[in-house]
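So the chains spell out like this:
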Amino acid sequence: MRSFLDSINLLLFIFFTVLYSYQLVYVFVSLFGKQKKFTADKNHKYAVLIAARNERTVISQLIESIKKQKYPCELCDIYVIADNCTDDTAEIAKGAGATVFCRESKTHIGKGYALNFGFKKLVEAGKFSQYDGFFVFDADNLLDENYISEMNKVFSSGYKIVTSYRNSKNYDTNWISAGSSLWFLREAKYINSSRMILGTSCAISGTGFLVSRKIIEKNRGWQYYLLTEDIEFSIDSVIKNEKIGYAADAMLYDEQPYTFRDSWNQRIRWAKGFFQVFAAYGSKLFKSIFKNRSFASYDMLMTIMPAMMLTLIGAVINTSVVVYAMFNLPEMKLIAITAAIALFMTLFNFYAILYFFGLITTITEWHKINASAGKKILYTFTFPIFIFTYIPISIAALFKKIEWKPIRHSIAKNIEEFQK
């Protein structure tokens, strides 16, 4: 029994070390590598698409930050898809200067359907072909004044899909908002930045990205309707050998959930969406690794693979042995001690790894984080705990039917508050 337990724990350790050690390499690449500087030979014409459902509190601030861009305003048109709204989001958006498309559907619910509706409306209006590319934002976003200019530089260099640096409007609210914010800061600095330096593909993360008209035409609109349509789009693009770029100097701010209930609802949708994407694209990604000799496909496969469940299996095995030994023969005590130590070390190692990622991200992004020094330090310790809460979320997502639900946004701030 003891040798079996030791073998299981050793195999799990080797599995994670072999498959995910490249992400530690990413840290050193980002720290010591040099981002390529891009210049734009042309100011392209863009349309901004904002899918909004009952976002009256925040929609006008986003539109205002778009209008204040240091980019020719005549080259950037704003469209809001008021999706199943029951408030006055549409009227507020119109008053702020956006063109509004109202959508009502009780069967096709979610951001993917709203985006496809927006593209269809642009085609019907004869405006679609006017634009070189399309920005996609969520209503709670705010844009740094140089955002579109920086994205345009990378787009002009040949990338047909570009993502950006994702910062937070409310990092300092509590450990929940900080945990989510720190995850996205780490994703920008130590995942997408490293991918860009190495010349592999980046990935879209929820909001704040730019996609070429040619991609939308080739895909016949926006055909991504799973619960995580962003990662679905990213993976489908990678399988098609499309490289996603990253604009490190294009900064976007968004609001993170600050109640555990909202955070749970958001992340259980993401967890379910990752399971959906893994089921739909996992085998294609695996084949693409060898067929296309694609490291990006491997990277994306590791991103969506339900590794958390394997960690949970190891923890369950060790816990079960401890509980069994407590109620059985005295000679089982040694095995129980072995299992208890293994369980403790598993949790400790994961805490240490997550703390390392949170700490190094906090240190390097210190001046970009909108919080007091004390909170920045405190939330490095709570970051691993926040990530650990994904364990029950992942379990629930396996068995629960999840539908897309909007997350309430209430942080109404202007971009000037972050550009002092």
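Refer to the preceding data block for the structure.
Now for a quick tour of the structure. The shown structure was predicted, so the numbers you read here are calculated from the model rather than taken from an experiment.

## Some details on the packing of aromatic side chains
Line of reasoning, step 1. All told, the structure shown has 33 aromatic pairs when counted by the stated rule.
Line of reasoning, step 2. Ring centres of Phe184 and Trp270 lie 5.9 Å apart, and the angle between their planes is 80°; on these two criteria the pair is classed as edge-to-face. Note that Phe184 is positioned in helix H7 (residues 175-198) and Trp270 in helix H10 (residues 260-291), a separation of 86 residues in sequence.
Line of reasoning, step 3. Here the aromatic rings of Phe295 and Tyr298 are separated by 6.0 Å at their centres, their planes lie at 35°, and the arrangement is tilted. Highlighted residues: Phe295 and Tyr298, both in helix H11 (residues 295-304), separated by three residues, approximately one helical turn.
Line of reasoning, step 4. Its guanidinium or amino end placed over the ring of Phe386, Arg267 lies 4.1 Å from that ring's centre, counting from NZ or CZ.
Line of reasoning, step 5. For Arg267, the ring lying beneath its charged end belongs to Tyr390, and the centroid distance is 4.7 Å.

## A closer look at the pattern of salt bridges
Line of reasoning, step 1. Counting across every chain of the model gives 16 salt bridges.
Line of reasoning, step 2. If you follow the salt bridges from partner to partner, you end up with Glu64, Lys68 and Glu416 in one network.

## Considerations on the packing of H7 against helix H14 (residues 373-388)
Line of reasoning, step 1. Two numbers describe how H7 lies on H14: the axes approach to 9 Å, and their chain directions differ by 85°. Viewed along their axes, H7 and H14 adopt a mutual orientation that is roughly perpendicular. Note on element contacts: H14 touches H7 through Tyr379, Thr382, Phe383, Ile385, Phe386 and Ile387, opposite Trp175, Ile176, Ala178, Gly179, Ser180, Leu182 and Trp183.
Line of reasoning, step 2. For the contact of H7 with H14, a count of residues per class yields 10 nonpolar, three polar and no charged.

## Considering the environment of Asp254
Line of reasoning, step 1. Structurally, Asp254 can be placed in strand E8 (residues 244-254).
Line of reasoning, step 2. Measuring from C-alpha to C-alpha, the distance between Asp254 and Leu143 comes to 9.0 Å, with 111 residues separating the pair along the chain.
Line of reasoning, step 3. Excluding its chain neighbours within four sequence positions, the residues that come into contact with Asp254 are Asp140, Asn141, Arg166, Asn167, Ser168, Lys169, Asn170 and Thr207.
Line of reasoning, step 4. At a separation of 2.7 Å, a polar atom in the side chain of Asp254 contacts the side chain of Arg166.

The rules we used
The residue numbers shown here count from 1 along each chain, following its written sequence. Two thresholds apply to this predicted model, a pLDDT of at least 70 for residue-level local features and 80 or more for giving and counting side-chain atom pairs, whereas whole-chain, interface and lining totals are computed over all residues. Only hydrogens and water are removed before side-chain values are computed, so all heavy atoms of the structure are retained for them. Centre distance within 6.5 Å is the pairing criterion for rings of Phe, Tyr and Trp, where only the six-membered ring of Trp is used; planes under 30 degrees apart are then read as stacked, over 60 as edge-to-face, and the remainder as tilted. In DSSP terms, a helix is any run of H or I states spanning at least four residues, a strand is any run of E spanning at least two, and both are numbered starting from the N terminus. Placement of a positive charge over a ring is assigned whenever Lys NZ or Arg CZ falls within 6 Å of the ring centre and within 35 degrees of the normal to the ring plane. Between Lys or Arg on one side and Asp or Glu on the other, a salt bridge is scored when a side-chain nitrogen of the former is within 4 Å of a carboxyl oxygen of the latter. Note on method: axes are straight lines fitted to C-alpha atoms, helices fitted across the in-contact stretch only, with angles between N-to-C directions ranging 0 to 180 degrees. These descriptions rest on fixed angle ranges, namely under 35 degrees for roughly parallel, over 145 for roughly antiparallel, 65 to 115 for roughly perpendicular, and the rest for oblique. Every residue pair with non-hydrogen atoms within 4.5 Å of one another is taken to be in contact. Each residue is assigned to one class: nonpolar for Ala, Val, Leu, Ile, Met, Phe, Trp, Tyr, Cys and Pro, charged for Asp, Glu, Lys and Arg, and polar for all the others, Gly among them. Any N or O atom pair separated by 3.5 Å or less is treated as a polar contact, with the protein-specific requirement of one donor-capable and one acceptor-capable atom, and with residues adjacent in sequence counted only for side-chain atom pairs.

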